[in-house]
Amino acid sequence: MRPVHDLLNPADPGFARDPYPYYARLRAEGRPAARVALANGTHAWLVTGYRQAREVLADARFSNVPPSGAGRPRPDSPAQRARACLARHMLNSDAPDHSRLRRFTTAAFTPRRVDALRSRIEELTDKLVAEVAGELAAGGTADLVDSFAFPLPVLVIGEVLGVPEADRADLRAWTYRVGSPADALAAGEADEAWVRLHAYFTELIARKRREPGEDLFSTLVRDTDEGGLDDGELLAMAFLLLFAGYETTMNLLASASLLLLTHPGELAAAHHGGPERWAAVVEETLRHASPLEGTTWRRAATEVDLGGGTVIPAGASVLVVLASANRDPERFASPDAFLPGRYLDAGDGAGERAAAHLAFGHGPHFCLGSRLARLEGAVALPRLFSALRGLELAADPSGLPYRPGLLVRGPRRVPVRVP
Ligand code: HEM
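For clarity, every value in this text was computed on a predicted model and none was experimentally measured. (Residues numbered from 1 in each chain as written. Predicted model: local features only at pLDDT ≥ 70, side-chain atom pairs only at ≥ 80, totals over all residues. Heavy atoms only, no water.)

Participant: What should I look at first to understand the site of the ligand in this one?
Facilitator: Near the ligand you find 29 residues, and of these H98, R102, T296, H365 and C367 are the closest. H98 places a polar side-chain atom, nitrogen or oxygen, 2.6 Å from an oxygen atom of the ligand. Between the ligand and the protein, one listed contact pairs an oxygen atom with a side-chain N or O atom of R102 at 2.7 Å. Breaking the shell around the ligand down by element, the ones donating at least two residues are α5 (97-106) and α13 (231-262). (Near = heavy atom within 4 Å. Polar contact = N/O pair within 3.5 Å; in protein donor to acceptor, adjacent residues only side chain to side chain. Helix = DSSP H or I, 4+ residues; strand = E, 2+ residues; numbered from the N terminus.)

Participant: Looking at this model, I keep getting lost on the sheet that holds strand β3 (residues 62-63). Mind explaining?
Facilitator: Note on sheets: strands pair through backbone hydrogen bonds, and any given pair is parallel or antiparallel. Reading across the sheet, the 5 strands line up as β1-β2-β8-β5-β3 and stay open at both edges, with mixed pairing between neighbours. Two strands close off the open sheet at either side, each with one partner strand: β1 (34-37) and β3. Relative to strand β2 (residues 43-47), β1 is paired through 4 bridges, and the arrangement is antiparallel. In the sheet register, V36 faces β2, and the bridge partner there is A44. (Pairing = 2+ DSSP bridges.)

Participant: Explanation requested: the pairing of strand β6 (residues 304-307) in the structure shown.
Facilitator: It is a general feature of regular strands that their side chains alternate between the two faces of the sheet. Bridging between β6 and strand β7 (residues 310-312) involves 3 bridges; their strand directions are antiparallel. Pairing of D305 across the sheet is with V311, part of β7. Here β6 hands over to β7 after 2 residues, with G308 in that stretch at a positive phi of 60 degrees.

Participant: Explanation requested: the packing of aromatic side chains in the structure shown.
Facilitator: The relative placement of two aromatic rings is captured by the distance of their centres and the angle of their planes. Counted under the stated rule, the structure contains 13 aromatic pairs. Taking 6.1 Å as the distance between ring centres and 80 degrees as the angle between the ring planes, the aromatic pair formed by Y22 and Y23 counts as edge-to-face. Neither residue differs from the other here; Y22 and Y23 are each classed as buried. Here the aromatic residues W174, W194, Y200, F201, F217, F239 and F243 are joined through ring pairs into a cluster of three or more. Across the ring face of F332, the terminal group of R287 is positioned such that the distance to the ring centre comes to 5.3 Å. Positioned above the aromatic ring of Y20, the side-chain terminus of R327 is 3.5 Å from the ring centre. (Phe/Tyr/Trp six-rings, centres within 6.5 Å; stacked < 30°, edge-to-face > 60°. Buried < 20%, exposed > 50% of the residue type's maximum accessible area, 1.4 Å probe, protein only. Lys NZ or Arg CZ within 6 Å of the ring centre and 35° of its normal.)

Below, the structure is given as structure tokens:
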């Protein structure tokens, strides 16, 4: 197989919609990592195999700390200062800093605390589903991204953290911009979003200091006042939790809805199969349509020999492509097919459950919110599809636009109607 040296353009709509053939070609080269030219003129090493992805994510020689001056900031602009401040979070740090920062949040995400959110998630879902039903009755169509997949995780993470409901639309717009590649946006849009986010969190923290509640921000503000985190770390933590908590879950819900609407047999099986089958739909969506296409960037802190003649030089940028690892044919049979049943026990001893997917990452940065994300999917999807029987897509699925970029992956719209 010839090496893949095509330019990788994450802002290209065609690539955003279906990046899998590109990754399959990289995987088929059989090397642990491939050096790829990006459309912005830089180079990166992409790790696309399942086994290699786990190895790299558990290898402390790959650092999460971005190099100073990363991301083409403008020297000393307000946007650069805001961006640098909000970037000081646990996902951008290595041990021992990382362990110290992560420790402050783990109490909020224990199984007991997360499971206690179930009834609230049910209430929030039912309210949104009633609104979708209203839209369908009034206008004939509704967009499941705007009316369901986006607002639900925002409301849930807002509840956990203590973010007022009225602020969610602004937050969505800003995080969308900072999560998209600069080439996909109008000039200045991303810069403005960084500044707005910084101002918003500064104000929110001041509010929590004045009027503390039972939420996670209030606890973190208390910890800061007792010398746990400094003000900059607190600001960055607020940004990370909000961003990580809803951009990802929004794409899980949007992709799962789209997959079920395009696989009516699987939807019928879920309706008949009960909670275990719905949980399998969530697992298979995470594998098949990984909401984080790649992890955050890693940097080789030293030269790393990955074997097979692949040597990554010190300082090189490395991206572990979760969407590709989750479709590695060496790990998953029929990797491109959507088959929730692979995550069910056969019950007769004949079949084995599929391997765990890597959608929540691996190693020290393994997702803090995986239990919450799974719970949201397992609660919300059956309630949506049970309340709105007969729901169907109101657009050709092959023409739906996808989020650009290598970080977040999911359809930007899922228009539906009831016949
Ligand atoms: C379907 C939904 C989600 C997916 C697919 C997902 C995926 C991931 C992945 C792949 C990572 C590791 C990134 C890396 O190694 O570079 C991660 C980290 C993280 N996730 Fe999630 N996530 C989801 C939902 C959530 C939720 C609901 C929260 C709650 C606030 C959350 C909070 C975090 C945090 C704080 C980290 C950083 C952990 C660390 O650096 O130690 N995530 N997530």
